[in-house]
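Inside the fold
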Amino acid sequence: MSDQGESAPAAAQPKAAPDTEKKTLTNKELKELKKKEKAAKRAAQKEAAGISPEQQEQMAQQKMEKKKQQSATNTGIKKQLSQAVVKDQSMKIPALFSHLETREQRNASSPTVSHIVHPSILSLSLRFSNHEIVGSTARLRSMLEVFKMVIDDYKTPENTTLTRHLTGHLSHQIEYLKSSRPLSIAMGNAIRWLKQEISLISIDTPESEAKQILSARIDTFINEKLHYSDQAIVQSASQHISNGSTVLTFGHSEVLLKLFQYCATEQNKSFNLVIVDSRPLFEGKRLLTELANTTQKAETPNGEPDAESESSSIISRRSAPASPITKENIKVNYCLINSLSSTIFEDVDCVFLGAHAMLSNGYMYSRVGTAMVAMMAHKRNIPVLTCCESIKFSERVQLDSVTTNELADPEDLIKNANSKQPPQQTSLALKQFLKEVEQKEHDKKAKTGKKEKEPVKSHSMGDESLLADWKSIPSLNLLNIMYDLTPPSYINKVVTELGSLPPSSVPVILREYKSG
């Protein structure tokens, strides 16, 4: 009996073995088995249809190649752009700003997507990179106008819809625009709005009708967020300019240009305007030129500029404030930012500044040099007012101008001035620094015993540029950043189309903009 009892469990063991093998398979292994079974069934069906295994492999390879091509032209473009960053060894960037992308690194990625970019985007990006279109408002308006052309020429591919494919098509155009210059805050807000409008179009809408709807909405957006907003800002800000007052501004801003034109032509106010300018873009000259052209048209009955008045608008520039010129009711003083002194601020009643963006913590992100002008005005208890549209408001928080900024070409700082530009003033501290560097190199060569055939070069004030060979000096770097941050403590009021509020109320405007 004992032998039979021991043999019974032994006979039962082989039957339990298959169950244990099934239980040990994981979910991953079960999925692989199912895939293999499905692949075997498909192969059997194709063989029954007369397709050999070799032909099946060729068809599979062709499908893989098609998928790779589609990914290269669609979803893989952003990856290519991010991987196409080329570090130029000849560029000398300070370590503090080494995380910022240079112009060469942005341009290195542009050829990868140029074959699917609209021609109008190509020309617009070239104008951006050459600084032919400067300013947040001007760049936003030109981008939206070009987007209208892109949408008009767009054709929906087969087996897809406009609402699904057009968003990706615009993303390729936007990526190419980024290669010329980083997008502004206003441009980013407008792009998000446009993509949302595209998603709201019904799938059943015909393509031609959908294009007309989008074009009309873009026109409405430009009128509401730019044109009408500027009109409301100008009417509100004009109350702070009175007859005989002196206003100081920095650089160029479209809304400030409209403000000064409105006060001079519509309200017939007589005031003094101090334009502070800076290198290398000299945007203040553009503001001065447009103001002069506006008054010239008003002086002659035919609306054409007078030759005598045009010749009298030549400004003599020197280290002190330039002699004022008179155009209708505006007396203008033009000076560079490095010639600012306490004497210029003696008679200034208020300071008007343009903004590239207003951040949610109240800081103003604007052209480099704005913070210094606001600080000097705040130190002398002069009110500082900022005119900014709500489209330029951002939820981003930034405490310095190092983490996020735009690096421009350092060669722009050392280019020779042409006849229309003011003469470059040589810095004595820079001249002394270059002399010390050259003297140290001369001393090192003298210690090593090497005889110099040529004497040490000394830079004089008459040279074309002291920085012509700046790349050969290891201890010298040039930095050309585009923007800086102005703390809210230096700003008294922010004038928007929604009202005049302190910088601390920027989040309130952001909520109003979202709700609208």
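These notes cover the structure that comes with them. Everything numeric here is computed off the predicted structure, so don't read it as measured data. (Residues numbered from 1 in each chain as written. Predicted model: local features only at pLDDT ≥ 70, side-chain atom pairs only at ≥ 80, totals over all residues. Heavy atoms only, no water.)

Topic: the overall build of the protein chain
Helix and strand counts for the protein chain come out as 16 helices and 11 strands. Counting over 516 residues, the protein chain shows a buried share of 42%. When contacts within the protein chain are restricted to residue pairs at least 6 apart in sequence, long-range pairs at least 24 apart make up 78% of them. With the model as given, the accessible surface of the protein chain reaches about 29,200 Å², and the carbon-plus-sulfur share is 51%. (Helix = DSSP H or I, 4+ residues; strand = E, 2+ residues; numbered from the N terminus. Buried < 20%, exposed > 50% of the residue type's maximum accessible area, 1.4 Å probe, protein only. Contact = heavy atoms within 4.5 Å. Areas by Shrake-Rupley, 256 points an atom, 1.4 Å probe, with all protein chains shown as cover.)

Let's talk about the sheet that holds strand S6 (residues 357-358)
The three strands lie next to each other as S6-S7-S9, forming an open sheet whose pairing is antiparallel. In this open sheet, the two edge strands, each paired with only one partner strand, are S6 and strand S9 (483-486). Both S6 and strand S7 (residues 364-367) contribute to a ladder of two bridges, which runs antiparallel. Across the sheet, Ala357 pairs through a bridge with Tyr365, a residue of S7. Seen against the sheet, helix H14 (residues 370-379) touches S7 and S9 and runs at an angle of roughly 30° to S9. (Pairing = 2+ DSSP bridges. Axes fitted to C-alpha atoms, helices over the stretch in contact; angles between N-to-C directions.)

Quick word on the packing of helix H7 (residues 136-152) against helix H10 (residues 207-237)
Closest axis-to-axis distance for the H7/H10 pair is 9 Å, and the angle between their directions is 170°. By the criterion of interaxial angle, the relationship of H7 to H10 is roughly antiparallel. Contacts between H7 and H10 involve Thr137, Leu140, Arg141, Leu144, Glu145, Lys148, Ile151 and Asp152 from the first element and Lys211, Leu214, Ser215, Ile218, Asp219, Phe221, Ile222 and Leu226 from the second. By residue class, the composition of the contact of H7 with H10 is eight nonpolar, two polar and six charged. (Parallel < 35°, antiparallel > 145°, perpendicular 65-115°, else oblique. Nonpolar A, V, L, I, M, F, W, Y, C, P; charged D, E, K, R; others polar.)

Some thoughts on a nonpolar patch on the surface
Residues Leu25, Leu30 and Leu33 make up a contiguous nonpolar surface patch of about 220 Å² in total accessible area. Assignment of secondary structure puts Leu33 in helix H2 (residues 27-48). (Patch = residues over 30% accessible without salt bridge, like charges linked within 9 Å, V, L, I, M, F, W, Y side chains within 5 Å. Salt bridge = Lys/Arg side-chain N within 4 Å of Asp/Glu carboxyl O.)

Here we look at the packing of aromatic side chains
Counting across every chain of the model gives three aromatic pairs. Here the basic side chain of Lys285 rests over the ring of Phe282, its NZ or CZ set 5.1 Å away from the ring centre. (Phe/Tyr/Trp six-rings, centres within 6.5 Å; stacked < 30°, edge-to-face > 60°. Lys NZ or Arg CZ within 6 Å of the ring centre and 35° of its normal.)

Let's talk about the nonpolar core
Within the largest apolar cluster, 35 residues are counted, with the highest numbers of intra-cluster contacts made by Ile121, Leu140, Met143, Leu144, Phe147 and Leu166. Counting residues per element, this core draws most heavily on H7, at eight residues. (Core = buried A, V, L, I, M, F, W, Y, C linked by side-chain atoms within 4.5 Å.)

Side note on a positive patch on the surface
Residues Lys31, Lys34, Lys35, Lys38, Lys41, Arg42, Lys46 and Lys63 make up a contiguous surface patch of positive charge. With seven residues, the top contributor of residues to the positive patch is H2. Examined against the element boundaries, Lys34 turns out to sit in helix H2. The exposure class assigned to Lys34 is exposed, which follows from its relative accessible area of 56%. (Lys, Arg positive; Asp, Glu negative; His and termini not counted. Charge placed at Lys NZ, Arg CZ, Asp CG, Glu CD.)

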